[in-house]
Protein chains: 2
Amino acid sequence: MSRVSVIGRGITKFGKREDSIKEMLIEACRDAIIEANRPRMDAVFIGNFASGSLANQEILGSIVTNELGLGNIPSIKMEGACASGGLAFRQAYQLVKAGEYDTVLVAGAEKMTAFDTETVTKAINHAMDNASSESASGLTFPGFFGVLANRYIHEYGAEREHLAMVAMKNREYAINNPIAQFTKPVEMEDIIHAKPITDPLGLFDCSPISDGAAAVVIQRGANGVEILSSGQASGTPLMQEVDNLLHMPATYYSGKHAYERAGLGPEDIDVVELHDCFSMTEIIAIEELGFFEKGKGWKALEKGVTKHGGLVPVNTSGGLLSKGHPIGATGIAQIIQVVDQLNGCAVNQVDNAEIGLAQNLGGTGAYSTVHLLRKKGA
Amino acid sequence: MSRVSVIGRGITKFGKREDSIKEMLIEACRDAIIEANRPRMDAVFIGNFASGSLANQEILGSIVTNELGLGNIPSIKMEGACASGGLAFRQAYQLVKAGEYDTVLVAGAEKMTAFDTETVTKAINHAMDNASSESASGLTFPGFFGVLANRYIHEYGAEREHLAMVAMKNREYAINNPIAQFTKPVEMEDIIHAKPITDPLGLFDCSPISDGAAAVVIQRGANGVEILSSGQASGTPLMQEVDNLLHMPATYYSGKHAYERAGLGPEDIDVVELHDCFSMTEIIAIEELGFFEKGKGWKALEKGVTKHGGLVPVNTSGGLLSKGHPIGATGIAQIIQVVDQLNGCAVNQVDNAEIGLAQNLGGTGAYSTVHLLRKKGA
C-alpha cells in the first residue's frame, strides 16, 4: 500500500453567509486545487448531509466537477449525517491508497442559515431513525445530548461547570481563528447563565447552525502531511437501544481501528480535532478515544490538560461549538486544522506537533470516523 | 488485485408500496444476506437519492446496519441522482478488490409514490443544477429528454415509432418479471396514442414513479458471478453547456473505462441492462456504449437486434420503463438482472449468456456507471 498525503487545502469562513452551497463549494475547492498545484484530479468526493432537503440541490459531485472544468472524471456525494465529511475523506483515502486514483479532491459543505428553526430542526432530525417512536415523540439532538449530560453528571460526579469549561476552551481558541463563526470573548458566567437549550445545556454548550465549505486535495506519495490510517464504525441510531448512554461504540471502534492500523495509541497523539457538537460530546469523545479513563474526562477539563501546555490540546480550531458546524464541511475542516498543526502553520499552533487525530461523529452515535495524520518527514 | 463476485441477491416488488424505505431496505438486504450465507459483513453501502427530501430519512447506512444486527461495521450512503445505486456498487467493488473489505452488503432504495406530483417533481429536479436558470425556467426531466428525442428524430431520420418500439420491447419483457411495476400487455397503438408527457414522449416512453429496494452481497473470490470491471464518469448537469444533445459523455466514458479495464469490447457482451429512464435514453445509450454507430440505434430497434435472437438483448428485466424506477434501487436491480442472466436463472433468460453489462445514468447525463460481469467459471 502506498503513502497518501494532503497536498492542498481550501476553507470558507463559517457562519451566516449569503452565497449558495455551490458557490461555497467552488470557493473552497478552487483554493485547495490551487494550493495542490496539480494538472488534473482523478475524482471528486463530496460530503454533505442535507443539501436535498434544505438547499434543493443534490448531484453536488457532478456540479463541482463540471463547474471547475475537471473533465469527465468520477464524482460522488457521501452522506452519513454530521460525519459526511469524514466519510468522504475516508473513501477517497482508501481508494488513493489502493491505487484506484492518484489525486482526489475531497470537499464538504452545508447551507443551513437560510431557513427557519423548524425547517432546520426537521432536517437535522433526518439523522435519527424516524421509523421509530423517538423522533415522533419530540426527541431532538440537543434533547439527546442533554440527557447524556445529566446522566454523566449523575454517574461520575462532574458538575455543570465542567461542560462550561469545554465551551470556554473552544471559544478561547476560536478567537484566533479567522474562519470561525464566533470570535467574541465570553466569561464562564456568560456560559453558565446563557439561554437554556436542554437542561443542563445552555446556548454555548451547543454547536450553532452554520454555512460553510472545506476542501482538501489528497495524493499518493509523501509530498505533504501523511494520512497514516482511517477508522470507521457505526452505532445504533436509536436511543432506546443504547445499553449505556455514556458509551459511544462508533467513536470507540473508529478510534481503535485507526490506532491499530497505524500501530499507534492515544499516547502518541500531539493534537486532536474532535466532534464537539455539544460540550458533553467532547468529554465523552476524549474518553472513548482513550485519552482519559471512562468517567475521568471532566477532570482533564478541570486541570486544563486538553489545552496548550497540557497533555493533548483538543479542538484548537475552536471546535464545532465556536468555529461553527456546517454539517458536511465539519469533517474536512477538522482535517485541515490537523494538517495546519502538523505543518506548523495553524491558528493556536501546538509546539512540535508530529501526530494528529481527527474524529467526526454522525447522528447520536450512528457513525464515527477517525483519521491519524503525521507531519511530513516525521 | 483480487477477483470479486456477487454471492447474494435480494429485491422487493417495485411499484406503489405501503411500507417505508427502511422496511423495503431491510426486506431486500435480509434476502441478500441469507442467500450469501456468510457469518459477517464487513461494511454496508447504500445508494439513495431523495430519502432526505421525500422520506424525511437520512443515515440509511447506519439504520440498515443496526436493524440487521451487523455490529459496529462501517456504513455509508452514496448519492449521484439516478446513478446512486451504481455508484454504491462501484465503491463497494473497488474497496473489496483493494482488500479493504472482504464481504460487503450493497443496497439501494427509494420511496416515491407517497407524495403528490409537485413534491416528487421538485425532488427529482434536485438532480439538476438549481443555481442555474434552467430549472427555474421550468425544465424538467421529461422536458429535457423530449428535446433530445425531437433532435434525434430530426438529425437521424428516426420516427416516433422507433421510440415506441423501445417501450414495447421493455413491456414485453416486464410481463414475465414478477417484481415489475407494469405487467399488463400493451399494443404499439396504445403507446403511440398514450397521454402525451413532453412532445414526442408519451406516458409509456417515460419511467414511472416507483417504490422499491434491491440489495446484493459481494465478496472477494470467485464464488459467484464475477465483477470484471467498473467504469464511472461525470458530465455536465447543465443543458446549456451540452455541445451535442445526442452525445452523453458520461455514458460513453463510463463504458470506455469499463471495457478497457476488462480488456473487452461491445462485441463481447451477451446481455445488457441499461438506463432507459425514457425510451429515447435507451437508444442513445446503445450508441454510446458502442453497440451501434451514432445515429443508427433506432435501426437496431426496427430490426429487433436488442431483443432475444438479436445481437444483444437489452433490458430483459423490463427496464426502468416497465420494471419501474425507484431511483436508488435501480442500479442494484440492474446488477441483479445481469447476475441472474449469467447464472442462467433470469426472467427472459438469454441462452448461453457469459458476459453482461449494466449501465446506470444519473441526472441529464451528470453521472454514469458501467459494470461488466462474467458467468462463474466462464
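Treat the numbers as computed from the prediction; the structure is a model and nothing was measured.

Cut-offs used in this document
Chains are numbered independently. Their residues run from 1 in the order of the written sequence. Throughout, the order in which chains and ligands are written sets their labels, letters from A for the former and numbers from 1 for the latter. pLDDT decides what is reported in this predicted model: residues at 70 or higher carry local features, side-chain atom pairs at 80 or more are listed and counted, and totals for whole chains, interfaces and linings draw on all residues regardless. Here the side-chain values reflect all heavy atoms present in the structure, with hydrogen atoms and water set aside. Here a strand is any run of E in DSSP of at least two residues, a helix any run of H or I of at least four, and the numbering for each starts at the N terminus. This radius of gyration counts C-alpha atoms alone. The globule rule is 2.2 Å times how many residues there are, raised to the power 0.38. Contact between two residues is taken to exist if any of their heavy atoms lie within 4.5 Å; hydrogens are not considered. Residues enter patches when they are more than 30% accessible in relative terms and free of salt bridges; like-charged ones are connected within 9 Å and nonpolar ones (Val, Leu, Ile, Met, Phe, Trp, Tyr) within 5 Å. Reported accessibility uses the Shrake-Rupley method at a 1.4 Å probe radius. Residues are deemed covered only where the shown protein chains occlude them. Any carboxyl oxygen of Asp or Glu within 4 Å of a side-chain nitrogen of Lys or Arg constitutes a salt bridge here. Working convention for charge: Lys and Arg count positive, Asp and Glu count negative, and His plus the chain ends are omitted. To locate a charge, the coordinates of NZ of Lys, CZ of Arg, CG of Asp or CD of Glu are taken. Any residue under 20% of the maximum accessible area for its type is buried, any over 50% is exposed, and the rest in between are partly exposed; the area is computed with a 1.4 Å probe on protein chains only. Put simply, buried area is how much 1.4 Å-probe accessible surface two parts lose in total, over both of them, once they are put together. As used in this structure description, the phrase polar contact means that two N or O atoms lie within 3.5 Å; if the pair is within protein, one of them must be able to donate a hydrogen and the other to accept it, and residues adjacent in sequence are counted only when both atoms belong to side chains. Three residue categories are used. Nonpolar comprises Ala, Val, Leu, Ile, Met, Phe, Trp, Tyr, Cys and Pro, charged comprises Asp, Glu, Lys and Arg, and polar comprises the others, including Gly. For two strands to be treated as a pair, DSSP must find no fewer than two bridges joining them. For Phe, Tyr and Trp, where Trp contributes only its six-membered ring, two rings pair if their centres lie within 6.5 Å, and the inter-plane angle classes them as stacked under 30 degrees, edge-to-face over 60, or tilted in between. Only residues with pLDDT of at least 70 in both copies count here: their C-alpha atoms drive the least-squares fit that superposes the copies. UniProt positions are given in the numbering used here, feature names are shortened, and annotations may be inferred rather than shown by experiment. As a rule, the C-alpha atoms of each element are fitted with a line to give its axis, helices using only the stretch in contact, and angles between N-to-C directions run from 0 to 180 degrees. The crossing is said to be left-handed when, going from far helix to near helix, the turn is anticlockwise and less than a right angle, and right-handed when the turn is clockwise. Note on terminology: a nonpolar core comprises buried Ala, Val, Leu, Ile, Met, Phe, Trp, Tyr and Cys residues joined through side-chain atoms within 4.5 Å. In this scheme, roughly parallel covers angles under 35 degrees and roughly antiparallel covers those over 145, while 65 to 115 is roughly perpendicular and the rest are oblique. Given the number of residues in a helix, its expected span is that number minus one, multiplied by 1.5 Å.

Colleague: Teacher, can you tell me more about the overall build of chain A here?
Modeller: A count of helices and strands for chain A gives 13 helices and 11 strands. Against the 2.2 N^0.38 benchmark of 21 Å for 378 residues, chain A shows a C-alpha radius of gyration of 19 Å, consistent with a compact globule. With the C-alpha coordinates aligned to their principal axes, the bounding extent of chain A is approximately 55 × 45 × 40 Å. Within chain A, contacts between residues at least 6 apart in sequence are counted, and of these 78% link residues at least 24 apart.

Colleague: Where do I start with a negative patch on the surface in this structure?
Modeller: Taken together, the side chains of Glu159, Glu161, Glu187, Glu189, Asp190 and Glu302 of chain A make up a negatively charged region of the molecular surface. Take Glu159 of chain A: it is sitting in the loop between helix H6 (141-156) and helix H7 (160-174).

Colleague: Looking at this structure, I do not really get the pattern of salt bridges. What am I missing?
Modeller: Any two side chains of opposite charge can pair, given that their charged atoms come close. Tallied over the full model, the rule gives 46 salt bridges over all chains. The partner of Glu58 of chain A in a salt bridge is Lys77 of chain A, and the shortest N-O contact between them spans 3.0 Å. Taken together, the residues Glu58 of chain A in the loop between strand E2 (43-47) and helix H2 (60-67) and Lys77 of chain A in strand E3 (residues 75-79) connect sequence positions 19 residues apart. Pair check on accessibility: Glu58 of chain A and Lys77 of chain A agree, each one buried. Note that Glu100 of chain B and Lys97 of chain A form a salt bridge whose closest N and O atoms lie 2.7 Å from each other. On the criterion of chain membership, the pair formed by Glu100 of chain B in the loop between helix H3 (84-97) and strand E4 (103-110) and Lys97 of chain A in helix H3 (residues 84-97) is interchain, its members lying in two chains. Assessed through its relative accessible area of 9%, Glu100 of chain B is described here as buried. For Lys97 of chain A, a relative accessible area of 12% corresponds to the buried category. Among the ionic contacts, a cluster of salt bridges with common partners joins Arg3, Glu226 and Arg374 of chain A.

Colleague: Hey, could you run me through the interface of chain A and chain B in this one?
Modeller: A common way to report how large an interface is uses the accessible area buried once the components associate. On the side of chain B, 53 residues touch chain A, which itself brings 53 residues to the contact. Here chain A meets chain B over a buried area of about 4400 Å², counting both sides, of which 46% is carbon and sulfur. Contact with chain B buries surface across chain A, with Ile59, Asn72 and Glu100 of chain A losing the most and accounting together for 15% of the total. There are 6 salt bridges connecting chain A and chain B. A salt bridge links Asp129 of chain B to Lys22 of chain A; the shortest N-O distance between them is 2.6 Å. Between the two partners, chain A and chain B, sit 47 residue pairs in polar contact (both at pLDDT 80 or more). Among the elements of the structure, H2, E3, H3, strand E8 (225-234) and helix H9 (249-262) of chain A are those that each provide at least two residues to the side of chain A that touches chain B. Looking at the side of chain A that touches chain B residue by residue, the class counts come to 24 nonpolar, 18 polar and 11 charged. Bridge count between E3 of chain A and strand E3 (residues 75-79) of chain B: 3 bridges; the pairing is antiparallel. Residue pairing for E3 of chain B: Lys77 of chain A is matched across the bridge by Glu79 of chain B.

Colleague: Before we go on, may I ask you to explain helix H2 (residues 60-67) of chain B in this structure?
Modeller: Along an α-helix, a turn takes 3.6 residues, which lines up residues three or four apart on a common side. All names here are of chain B. By the criterion of burial, H2 is predominantly enclosed, with 6 of the 8 residues buried. Those residues of H2 that fall on the buried side of the exposure criterion are Leu60, Gly61, Ser62, Ile63, Val64 and Thr65. Where H2 ends, the next residue or the one after it, Gly69, has phi of about 65 degrees, a positive value.

Colleague: Please clarify how the packing of aromatic side chains should be interpreted in this entry.
Modeller: Each aromatic ring pair is characterised by the separation of its centres together with the angle its planes make. Residue and element names in this part refer to chain B. What the rule picks out here adds up to 10 aromatic pairs over all chains. When the centroid spacing of 5.0 Å and the interplanar angle of 70 degrees are considered together, the rings of Tyr152 and Tyr156 count as edge-to-face. Linking Tyr152 with Tyr156, this pair stays in helix H6 (residues 141-156), spanning 4 residues, or about one helical turn. What makes Tyr152 buried here is its relative accessible area of 1%.

Colleague: Could you clarify how one ought to interpret the environment of Glu282 of chain B in this entry?
Modeller: Residues and elements named next belong to chain B. Structurally, Glu282 can be placed in helix H10 (residues 279-288). Looking at Glu282, the relative accessible area reads 0%, which means it is buried. Separated by 39 residues in the primary sequence, Glu282 and Leu321 have C-alpha atoms spaced 10.0 Å apart.

Colleague: I tried to follow the relation of the copies chain A and chain B on my own but got confused; where do I start?
Modeller: Here the second copy of the chain follows from the first by a rotation about an axis and a shift along it. When chain A is brought onto chain B, the operation consists of a screw motion whose angular component is 180 degrees and whose axial shift is 0.0 Å, with 0.0 Å RMSD remaining. Each copy turns onto its partner about a two-fold axis. Interface residue correspondence from chain A to chain B reaches 100%, placing this contact among same-surface, isologous pairings.

Colleague: It is not clear to me how the UniProt feature "domain: Thiolase N-terminal" (unreviewed entry) in chain A should be interpreted in this structure. Could you clarify?
Modeller: Mapped onto the present numbering, the UniProt feature "domain: Thiolase N-terminal" (unreviewed entry) falls on residues 5-219 of chain A. Annotation note: span residues 5-219 of chain A, helix share 40%, strand share 18%, distance between end C-alpha atoms 5 Å.

Colleague: Explanation requested: the pairing of strand E4 (residues 103-110) of chain A in the structure shown.
Modeller: The two faces of a sheet get side chains in turn, since along a regular strand they alternate between them. All names here are of chain A. With respect to burial, E4 is a largely interior element, 8 of its 8 residues being buried. Here E4 shows two buried faces, one formed by Thr103, Leu105, Ala107 and Ala109 and the other by Val104, Val106, Gly108 and Glu110. As paired elements, E4 and strand E7 (residues 212-220) share 8 bridges and run antiparallel to each other. Counted as the bridge partner of Gly108 is Ala214 from E7.

Colleague: Any chance you could explain the packing of H6 of chain B against H10 of chain B here in plain terms?
Modeller: Describing two packed helices takes the angle between their axes plus the distance from one axis to the other. Residue and element names in this part refer to chain B. Put simply, H6 and H10 touch, their axes get as near as 9 Å, and they point 60 degrees apart. The interaxial crossing formed by H6 with H10 has left-handed handedness. Listed contacts from H10 to Phe145, Leu148, Ala149 and Tyr152 of H6 are Met280, Thr281, Ile283, Ile284 and Glu287. Residues that form the contact of H6 with H10 fall into these classes: 7 nonpolar, 1 polar and 1 charged.

Colleague: Sorry, what's going on with the nonpolar core here?
Modeller: Across soluble globular proteins, you tend to see nonpolar side chains buried next to one another. Within the largest apolar cluster, 204 residues are counted, with the highest numbers of intra-cluster contacts made by Phe45, Phe145 and Ile218 of chain A together with Phe45, Phe145 and Ile218 of chain B. Excluding residues that lie within four positions of it along the chain, Phe45 of chain A makes contacts with Ile76, Met78, Ala88, Gln91, Ala92, Leu95, Tyr101, Val104, Leu105, Val106 and Ala107 of chain A together with Gln91 of chain B.

Colleague: For this particular structure, what's the right way to read the packing of H7 of chain A against helix H10 (residues 279-288) of chain A?
Modeller: Residues and elements named next belong to chain A. Remark: H7 packs on H10, axes separated minimally by 8 Å, with the N-to-C direction vectors making an angle of 95 degrees. When the axis of H7 is compared with that of H10, the two are roughly perpendicular. Only Ser279, Met280, Glu282 and Ile283 of H10 make contact with H7, whose side of the interface consists of His162, Leu163, Val166, Lys169 and Asn170. Counted by class, the contact of H7 with H10 contains 4 nonpolar, 3 polar and 2 charged residues.

Colleague: Which parts of the structure should I look at to understand helix H13 (residues 327-343) of chain A?
Modeller: All names here are of chain A. Compared with an ideal rise of 1.5 Å per residue, which puts 17 residues at 24 Å, H13 spans 25 Å between its outermost C-alpha atoms and is within 8% of the ideal. Counting buried positions along H13 gives 16 out of 17 residues, so the element sits mostly inside the fold. Where H13 terminates, the next one or two residues include Gly344, which has phi positive at roughly 75 degrees.

Colleague: What's the story with the pairing of strand E11 (residues 367-374) of chain B in this structure? I'm lost.
Modeller: All names here are of chain B. Most of E11 is tucked away: 7 of the 8 residues are buried. As judged from the 8 bridges shared by strand E8 (residues 225-234) and E11, these two strands associate in the antiparallel manner. Paired with Ala233 across the strands is Ser368, a residue of E11. Pairing geometry for strand E10 (residues 355-362) and E11, over 8 bridges, is antiparallel. By the bridge assignment for E11, Asn360 is matched with Thr369. Counted between consecutive antiparallel strands, the loop separating E10 from E11 contains 4 residues, among which Gly363 sits at a positive phi close to 65 degrees.

Colleague: What's the story with the environment of Leu139 of chain B in this structure? I'm lost.
Modeller: All names here are of chain B. Positionally, Leu139 belongs in the loop between helix H5 (133-136) and H6. On the basis of relative accessible area, Leu139 is assigned to the buried category, the value being 16%. The sequence separation of Leu139 and Met239 amounts to 100 residues, and the corresponding C-alpha distance is 9.4 Å. When sequence neighbours within four positions are dropped, the list of residues in contact with Leu139 reads Asn125, Met128, Glu134, Phe144 and Met239.

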